[in-house]
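One-letter residues, chain by chain:
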Amino acid sequence: MSARDFGEPDVRELRLPLGDAVRIRQNLIEEKKRLLGPRPVVRTLFYGVRPPTTDAAVTLLASWTEPVLDEPLEAVVDAIARTLHM
């Protein structure tokens, strides 16, 4: 994404069935699409999980622009992250 931070990210370390994980909830602000008009805010929820059997990481990223979707989509992505397994 080509965007800048818009506020402090919410970073949490946690344990998922797949392994140790980091959860980052962040709002990013995009560049203006037109000379006049608002700068869209992109809301993101990112998970990075490192399974104990590998040096690689599994990532999960969701993004949306409608603020009314914050709570429902966070709940959905959190539920998906808890289902990741090997």
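Worth saying up front: this structure is predicted, and the values here are computed from it rather than measured.

Undergrad: What is the right way to read the environment of Leu28 from this model?
TA: Positionally, Leu28 belongs in strand S3 (residues 19-30). Note: C-alpha distance between Leu28 and Glu8 (20 residues apart in sequence) is 9.8 Å.

Undergrad: Please explain the nonpolar core as it appears in this structure.
TA: One broad trend across soluble globular proteins is that nonpolar side chains are buried collectively. Judged by nonpolar contacts, Leu16, Leu18, Ala21, Leu45, Tyr47, Val49, Ala62, Trp64, Val77 and Ala81 together constitute the single largest core of ten residues. Within the residue set of this core, elements represented by two or more residues are strand S4 (41-50), strand S5 (58-64) and helix H1 (70-83). Ranked by residues supplied to this core, first place goes to S4 with three residues.

Undergrad: Looking at this structure, how should I read the confidence of the model for the protein?
TA: Should pLDDT be low for a region, the predicted coordinates there are not to be read in detail. Summing up the model confidence of the protein, the mean pLDDT is 87 and the portion of residues at 70 or higher is 88%. When pLDDT is averaged over each helix and strand of the protein, the minimum, 56, is found for strand S1 (residues 3-5) and the maximum, 96, for H1.

Undergrad: So what exactly am I meant to see when it comes to the pairing of S4 here?
TA: Remember that side chains alternate between the two faces of the sheet whenever the strand is regular. For S4, the buried fraction is high: eight of the ten residues fall into the buried class. The pairing of S3 with S4 spans ten bridges and is antiparallel. Each residue of the ladder has a partner; that of Val22, found in S4, is Gly48. Relative to S5, S4 runs antiparallel, the two sharing seven bridges. In the sheet register, Tyr47 faces S5, and the bridge partner there is Leu60.

Analysis parameters
- Residues numbered from 1 in each chain as written.
- Predicted model: local features only at pLDDT ≥ 70, side-chain atom pairs only at ≥ 80, totals over all residues.
- Heavy atoms only, no water.
- Helix = DSSP H or I, 4+ residues; strand = E, 2+ residues; numbered from the N terminus.
- Core = buried A, V, L, I, M, F, W, Y, C linked by side-chain atoms within 4.5 Å.
- Buried < 20%, exposed > 50% of the residue type's maximum accessible area, 1.4 Å probe, protein only.
- pLDDT = per-residue confidence, 0-100.
- Pairing = 2+ DSSP bridges.

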